[in-house]
Amino acid sequence: MESLFQDVRYGSRLLIKRPGFTLVAVLALALGIGANTAIFSVVNSLLLRPLPLRDPDKLVQIWGVNAKLSRFKMPASYPDFADWRDQNQVFEQTVAYADWSFNLTGTNEPERISSAIVSPMFFSMLGIEPLAGRVFVSDEDQKGRDSVAVIGQRLWQRRFNSDPQVVGRSIELNAESYTVVGVVAQMADIPGLSEETELWVPVSHGYGFTNRRGHYLGVIARLKPDVTLQQAQSDMDSVAGGLAARYPEANMDGGVRLVPLQEEIVGKFKLALLVLFGAVVFVLLIASANVASMLLSRAASRQKEIALRVALGARRIRVIRQLLTESLLLSLAGGALGLLLALWGTDLIVAFSPSDVPRIKEVAVDGRVLGFTFAMSLLTGIIFGFVPALHASRPDLNEALKEGGRSATGGIGRRRALGFLVVTEIALSLVLVVGAGLLMRSFLKLQSVDLGFNPENLLTMQLELSGPNFKKAAPVIGFHDQLLERIRALPGVQAAATRSYVPIAADASFALLSFMIEGRPSDPANRPIAYYNAVSSDFFQTLEISVLKGRVFDDHDVRKAQNVAIINETLARRHFSDEEPIGKRITLNDENPKEEEWATIVGVVKDTKTRSLEREPAGELYMPFAQQPEPFMSLMIRTTSKPETLLAAVREEVLALDKDQPVYSVRTLSRVLSQSVATPRFRTYLLAVFAGVALILAIVGIYGVMSYAVAQRTHEIGIRVALGAQTSDVLKLVVGHGLLLAVVGIAIGTVVSFALTKVLASLLFQVSVTDALTFTLVPLILAGVALAACLVPARRATKVDPMVALRYE
């Protein structure tokens, strides 16, 4: 132990005496270790740390699937959920839930509350204890006993000032009275529920309790202690098969898929996280190669010192231990500084991460992260210190101990090791830059997608009419028409319209409905489907959507007039490819429709990107709001100036018509679009930053090795110049050696990139993993960077004075 302390003290003195070398090495390692720590803290929170629920490894998400559309996961209908719950043999408990919303009125200003409808045992199954009062009990999903609510901690603090007497208090939700029975803390992310959920009511407030085709419920179950996921899947396959046999109209080709709850929550982010983690590991390897190059170069100046140690009897293992101790001191210092960088970097990642990343606010540097950083520091010190220590521990005693011996002479082995490290740095850098280039190309393609509408200067907000006044169609239509008239009269408003949901928005409730075409047989197994929208008469003009055929809706398309519809070009192509769609009739009631339920197609409009920029346009069916009124509406207001300036005026117009109707989800459509690409933008920028750091480290590495090579060959260059070598000859000698290493590294990196970029396939949009432009430009850029890094040492070599170089001999 005493000799170890001696090694530490001696190594510390040596490093302090070379502050420039120490600072550069520690900074390089801090960048690599800090980046790894920051990304690992995210991986730890999202993938490794268990959900803050009771026995989370036993919780599974249950999805409905269709044998013909196996990749398409569906929520459950209430009848299917009830049968899954009652007929399975593998679950302790099974609960259902759905995203919901309520207008909270009767206290201050009306507010839209993000809510959920849940089975009574929802909280107890997840192990969520109330902060005050209680959670639901088993029979509170029965009509007459279901006017109860559990509120979240944020709502309790914001609207009720953390009043402990809130339990038992009556509140108004959608103009109906509910009794608050408990308060719970904000819970972990649940698939399908907004992270802003602040209120829960029993699932009996949903709809479709007898309709097996009304799929809107999420389902979570807890496995029995001795049941595996595979056994549960087999049991549920049998249950689903029985339902398909008994209810072929609704459950034909129906099945189920079980997914561990944690995987369901973070699964879609797993690949991106692992890619980023792989990227920072590459950065650390490049940093380690850099420091190893520096240690190899420094070892040349220590040959006499090490030779004296060996000559005085020091064993080789003792020399290696001393050198490894110095490497570990560097890596631990780099780890300490890297931890500070990681604390700052983690805060940045959390601050700039997309809002839909689950559990991102739980990211923190905990004991596991600290252990990871310490282990990474030790491992890094051994990795970059071992090869230099091996080389330095075998000095040439005769040469090193000569009185006039060239202490800076480097052997062939050291030169090869340095060359190998440079090649490794370039290859790893190229892989990272290629990956960043592919993601950047993909992101640019995503941003240049044709939306089919004009998002500029569009203010969007949502509204759901609630209360006894809006139980019938006429008051809903009247409110809708008056509101649009008032908004259009506001200064700065160019046009205003409504539709069922905000396009591209992540929180949009898309209505996917089946329909029937007149004159064609109704096949329950192959019903045509489309995304349904109820829109105001001037919706297409407001969003500037092109009309390809026919006409748009007008003021004559009212409730008592003939029903009409407009379809998009995708729906027209799929179902009317060989005939004219204008004049054809369709109905949303594909089981014995009445005459008044048929709608005549009067127009075909251009496809729009309404669900996602990355998805191909789906079939869309539009109907006039006046003929298909519904209390939920999304306002679209095109302005002549900044849209945000009109918010207060629009809210006043709504409250002037009805003081209990709040507007919510207020945002510009440009912001909605920006949020829709937040995840690909974030991962692209983050990988680009890591690739940039890797490139800088590679440049420093090439420059350092070439500078060392010039210093090593000063005598040789002096002789060449004395014998008549020209400046160009010296430049070719030095630059040629550097470019040879670069070309080898680029070649290896290109081959590795072809193999590794396949994992990026699911993250790319309209870009191949072997994109020719990326694989052409990146090697050329890296070659140019390598050339620039070689030129400075090469120019220094051309200025070698042969008399000075030869004098040392």
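Refer to the structure presented above.
Residues numbered from 1 in each chain as written. Predicted model: local features only at pLDDT ≥ 70, side-chain atom pairs only at ≥ 80, totals over all residues. Heavy atoms only, no water.

Q: What exactly am I supposed to notice about the overall build of the chain here?
A: Helix and strand content of the chain: 23 helices and 23 strands. When burial is assessed residue by residue, the chain has 52% of its 809 residues classed as buried. (Helix = DSSP H or I, 4+ residues; strand = E, 2+ residues; numbered from the N terminus. Buried < 20%, exposed > 50% of the residue type's maximum accessible area, 1.4 Å probe, protein only.)

Q: I keep staring at the environment of Gly 603 and nothing clicks. Help me out?
A: Here Gly 603 lies in strand E20 (residues 599–605). Assessed through its relative accessible area of 0%, Gly 603 is described here as buried. Along the chain, Gly 603 and Phe 553 lie 50 residues apart, while their C-alpha atoms are 8.6 Å from each other. Excluding its chain neighbours within four sequence positions, the residues that come into contact with Gly 603 are Lys 549, Gly 550, Arg 551, Ala 565, Ile 566, Ile 567 and Ile 582. (Contact = heavy atoms within 4.5 Å.)

Q: Would you mind going over the sheet that holds strand E13 (residues 493–499) with me for this structure?
A: Judged by pairing direction, the sheet is antiparallel, and its four strands sit side by side in the order E13-E22-E12-E23 without closing on themselves. Because the sheet does not close on itself, it has two edges, and the strands there are E13 and strand E23 (663–668). Strand-to-strand twist across the sheet, computed as the mean angle between neighbouring axes with direction ignored, equals 20 degrees. As defined by bridge partners, strand E12 (residues 458–464) adjoins strand E22 (residues 632–639) across seven bridges and the pair is classed as antiparallel. Paired with Thr 460 across the bridge in E22 is Met 636. (Pairing = 2+ DSSP bridges. Axes fitted to C-alpha atoms, helices over the stretch in contact; angles between N-to-C directions.)

Q: Would you take a moment to explain unusual backbone geometry for this structure?
A: Keep in mind that most residues, glycine aside, have a negative phi and that most peptide bonds are trans. Of note in this structure, Asn 174 is not a glycine but carries a positive phi near 50 degrees. For Gln 766, which is not glycine, the phi dihedral falls at a positive 55 degrees. Locating Gln 766 in the fold gives a position in the loop between helix H21 (727–756) and helix H22 (772–798). Judged by its relative accessible area of 53%, Gln 766 falls in the exposed class.

Q: Explain the packing of aromatic side chains to me, please; I cannot follow it from the model alone.
A: The relative placement of two aromatic rings is captured by the distance of their centres and the angle of their planes. Scanning the entire structure with this criterion turns up 17 aromatic pairs. Consider the rings of Tyr 78 and Phe 81, whose centres lie 5.7 Å apart with planes at 65 degrees: the pair is edge-to-face. In this pair, Tyr 78 and Phe 81 both sit in helix H3 (residues 78–87), three residues apart, roughly one turn of the helix. With respect to class, Tyr 78 is no different from Phe 81; both count as buried. Ring geometry for Tyr 97 and Phe 122: centres 5.9 Å apart, planes at 55 degrees, overall tilted. In this pair, Tyr 97 is assigned in strand E3 (residues 91–105) and Phe 122 in helix H4 (residues 122–126), connecting sequence segments 25 residues apart. Judged by relative accessible area, which is 0%, Phe 122 ranks as buried. Each member of the aromatic cluster is reached from another via a ring pair, and the members are Tyr 97, Phe 122, Phe 123, Phe 136 and Trp 200. In this arrangement the basic side chain of Arg 212 is found over the ring face of Tyr 247, its NZ or CZ atom lying 3.7 Å from the centre. Above the plane of the ring of Tyr 501 lies Arg 499, whose end atom (NZ or CZ) is 4.8 Å from the centre. (Phe/Tyr/Trp six-rings, centres within 6.5 Å; stacked < 30°, edge-to-face > 60°. Lys NZ or Arg CZ within 6 Å of the ring centre and 35° of its normal.)

Q: How do you make sense of the nonpolar core when you look at a structure like this?
A: Soluble globular proteins: nonpolar side chains tend toward being buried together. One finds Phe 123, Leu 330 and Phe 690 to be the most contacted residues of the largest nonpolar core, which totals 110 residues. Broken down by element, the residue count for this core peaks at 21 residues, all from helix H8 (residues 261–301). Dropping the residues within four chain positions of it, Phe 690 is found in contact with Ala 35, Ile 39, Leu 276, Ala 279, Val 280, Val 283 and Leu 432. (Core = buried A, V, L, I, M, F, W, Y, C linked by side-chain atoms within 4.5 Å.)

Q: Would you mind showing me how to read the pattern of salt bridges here?
A: Oppositely charged side chains are able to pair whenever their charged atoms sit close together. All chains considered together, the criterion is met by 28 salt bridges. Of the charged contacts in the structure, one is a salt bridge between Asp 538 and Arg 488, with a shortest N-O distance of 2.7 Å. Here Asp 538 is found in the loop between strand E16 (529–535) and helix H15 (539–543), whereas its partner Arg 488 is found in helix H14 (residues 473–488), with 50 residues between them in sequence. Residue Asp 538 is classed as buried on the basis of its relative accessible area, which comes to 18%. With a closest N to O distance of 3.6 Å, Asp 554 and Arg 551 form a salt bridge. Residue Asp 554 is classed as partly exposed on the basis of its relative accessible area of 29%. Residue class for Arg 551 comes out partly exposed when judged on its relative accessible area of 32%. The network of salt bridges with common partners includes Glu 111, Arg 154, Arg 158, Arg 159, Glu 196 and Glu 198. (Salt bridge = Lys/Arg side-chain N within 4 Å of Asp/Glu carboxyl O.)

Keep in mind that these numbers describe shape and distance, not what the molecule does.
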